[in-house]
Amino acid sequence: MRDMPKKTPTRRHVVAAMAALMITTGCTAEPSAPGHAMSPDARAYLTTALDVMESNSLYKTDLDWSTLRKNAFARAAKARTRAETYGAVREALRNLGDHHSQFMTPEEAEAALSPSSENSPLPEGRLLPGGIGYLVLPSVASDKAAAAYVRQARAVVQDMDRQGARGWIVDLRSNTGGDMWGPLASAGRLLDDGDIGTFVQSDGKRTPWTLREGTPEAYLDTWGPAEPLAHPDPPVAVLTGKRTASAAEAVTIAFRGQPRTRSFGQPTRGVPTANDSHRLADGAMIVLTQAREADRTGRIHDGPIPPDEELPDDARNPGNSRDGTVEAATRWLSTQ
């Protein structure tokens, strides 16, 4: 899954909606450039894709672009159509080394931009003994699905809050990525208002993630403020696992450095980076890694994020009576 950036009038970055800039084939290779045996249209298309990568990649200053371009044109030397360059584009993205960028065909991009919200998993939760609210936040694919996701999660949180929850478990073990803003709005009252994380671009520019009234600032007009808790500033246990990836790693990072917060489980997948999407002329899309992510203390995370307390993988017993990770989190919360 992806962690997709979103541009807003007040800040830059990140979402699953993938509202993207249309990239045209205005930039073309010189006739003498590598790949001159290709059709002009295929050559222009591949050149544009490589231009997008070189201009925006997180590692744009670290790569040998001359060699990367040469290899891409060699791969597509016989391409006569745009589609015949797709393999070269994918290989070039792999060679960026960020382990997060990807290429989507026009059909794949259309499906990603207009996913059905009907079959998307919704947040769920229940009150555990000792007044502990247990909130499961699965993946959410898009803005279209996020509206119902946030409504459901907030209703679950309010219900547990009314039942007397004083400590909380946020389970991200099934969240493989997608949109980060929906989960942050869902758990917003379990986080402090203010800057809870930051995107860090290759040039060092930092763009904060800001919560206001329990809602990401850019979505306050869309989703509105979250209902305040009867017991504010509660202790929070965050559960992570090997499937916790991309956007879910951003949510994990948002809790890092918050007082009375501790993480349990397994290290995350290891792609705590932000992607932006770029449409090509035929409707295909490059989903490109363009920023690292830092927590509220300023620490930039790179690779798998280890929990504060590492425990055996409980993937077969999530949330049930044999879930040792939930048990460990519950024991810690009982001390808070």
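Residues numbered from 1 in each chain as written. Predicted model: local features only at pLDDT ≥ 70, side-chain atom pairs only at ≥ 80, totals over all residues. Heavy atoms only, no water.

1. Digging into helix α8 (residues 247–255)
Burial runs high along α8: nine of the nine residues are buried. The complete set of buried residues in α8 reads Ala247, Ala248, Glu249, Ala250, Val251, Thr252, Ile253, Ala254 and Phe255. Downstream of α8 by one or two residues, Gly257 has phi in the positive range, about 90°. (Buried < 20%, exposed > 50% of the residue type's maximum accessible area, 1.4 Å probe, protein only. Helix = DSSP H or I, 4+ residues; strand = E, 2+ residues; numbered from the N terminus.)

2. Structural notes on the sheet that holds strand β10 (residues 261–265)
Pairing within the open sheet is mixed, and its six strands lie in the order β3-β4-β5-β9-β10-β14. Lying at the two open borders of the sheet, with one neighbouring strand each, are β3 (124–128) and β14 (309–310). In this structure, strand β5 (residues 167–171) lies alongside strand β9 (residues 236–240), joined through four bridges in parallel fashion. Across the sheet, the residue bridging to Val170 is Val238, located in β9. (Pairing = 2+ DSSP bridges.)

3. A short note on the packing of helix α1 (residues 40–56) against helix α2 (residues 65–75)
At a minimum axis distance of 11 Å, the contact between α1 and α2 shows a crossing angle of 150°. Considered as vectors, α1 and α2 are oriented roughly antiparallel to each other. Where α1 crosses over α2, the handedness of that crossing is right-handed. Two secondary-structure elements touch here, α1 through Arg43, Leu46, Thr47, Leu50, Asp51, Met53 and Glu54 and α2 through Trp65, Leu68, Arg69, Ala72 and Phe73. Considered class by class, the residues forming the contact of α1 with α2 number seven nonpolar, one polar and four charged. (Axes fitted to C-alpha atoms, helices over the stretch in contact; angles between N-to-C directions. Parallel < 35°, antiparallel > 145°, perpendicular 65-115°, else oblique. Left-handed = near helix turned anticlockwise from the far one by under 90°. Contact = heavy atoms within 4.5 Å. Nonpolar A, V, L, I, M, F, W, Y, C, P; charged D, E, K, R; others polar.)

4. Observations regarding the pairing of β5
Burial runs high along β5: five of the five residues are buried. One ladder, built from five bridges, connects strand β4 (residues 132–136) with β5; its direction is parallel. Its bridge partner being in β5, Val136 is matched across the sheet by Asp171. With helix α5 (residues 143–162) bridging β4 and its parallel neighbour β5, the resulting β-α-β unit is right-handed. (Right-handed = clockwise from strand over helix to strand, strands pointing away.)

5. With respect to the packing of α2 against helix α3 (residues 86–95)
At a minimum axis distance of 8 Å, the contact between α2 and α3 shows a crossing angle of 155°. As summarised for this structure, α2 and α3 are arranged roughly antiparallel, according to the angle between their axes. The hand of the α2/α3 crossing is right-handed. Between α2 and α3, the contacting residues are Leu68, Asn71, Ala72 and Arg75 on the first element and Gly87, Ala88, Glu91, Ala92, Arg94 and Asn95 on the second. When its residues are assigned to classes, the contact of α2 with α3 shows four nonpolar, three polar and three charged.

6. Description of the side chain of Arg279
Mapped onto the fold, Arg279 is located in strand β11 (residues 273–279). In this structure Arg279 is buried but unpaired, with Glu110 as the nearest side chain of opposite charge at 4.9 Å. There is a polar contact of 3.0 Å between the side chain of Arg279 and the backbone oxygen of Gly283. (Lys, Arg positive; Asp, Glu negative; His and termini not counted. Salt bridge = Lys/Arg side-chain N within 4 Å of Asp/Glu carboxyl O. Polar contact = N/O pair within 3.5 Å; in protein donor to acceptor, adjacent residues only side chain to side chain.)

7. Description of the pattern of salt bridges
Counted by the stated rule, this structure contains eight salt bridges. Measuring nitrogen to oxygen at the nearest pair gives 2.7 Å for the salt bridge that ties Arg173 to Asp171. Taking the relative accessible area as the measure of exposure, Arg173 reaches 13% and is therefore buried. Note that Asp192 and Arg296 form a salt bridge whose closest N and O atoms lie 3.2 Å from each other. Here Arg296 lies in the loop between β12 (285–295) and β13 (300–301) and Asp192 lies in the loop between α6 (181–186) and β6 (194–201), a separation of 104 residues in the sequence. Overall, Asp192 belongs to the partly exposed group, its relative accessible area being 25%. Each of the salt bridges in this network shares a partner with another, and the network as a whole consists of Asp51, Glu54 and Arg69.

8. Side note on the confidence of the model for the chain
It should be kept in mind that the predicted coordinates are not to be read in detail where pLDDT is low. Residue-level pLDDT values for the chain average 88, and 85% of them are 70 or greater. Of the regions scoring below 50 in pLDDT, residues 1–32 engages in 120 contacts with residues more than four places distant in sequence or in other chains. (pLDDT = per-residue confidence, 0-100.)

9. Observations regarding empty space enclosed by the protein
Taken as a whole, this structure holds one cavity of 30 Å³ or more when the rule is applied. Looking at the largest cavity, its volume works out to about 80 Å³. In terms of lining residues, the largest cavity is bounded by Arg154, Val157, Gln158, Asp161, Ala185, Ser186, Gly188, Arg189, Ala226, Glu227, Pro228 and Leu229. The set of elements that each furnish at least two residues to the lining of the largest cavity consists of α5 and α6. Among the elements that take part in the lining of the largest cavity, α5 stands out by supplying four residues, more than any other. Class assignment of the residues belonging to the lining of the largest cavity gives a composition of five nonpolar, three polar and four charged. (1 Å grid on protein atoms, 1.4 Å probe; cavity = no way out; pocket = protein on both sides within 12 Å on 5 of 7 lines; lining within 4 Å. Points joined across faces, edges and corners; volume = space filled by probe spheres on them.)

10. What about the nonpolar core?
Trp209 and Phe255 are the most contacted members of the largest nonpolar core, which totals 40 residues. Looking at this core, the elements with two or more residues in it are α5, β5, α6, β6, β7 (206–212), β9 and α8. Top contributing element to this core by residue count: α5, with eight residues. Counting 25 residues, the second-largest nonpolar core is a separate cluster that includes Ala49, Leu50, Phe73 and Ala79. (Core = buried A, V, L, I, M, F, W, Y, C linked by side-chain atoms within 4.5 Å.)

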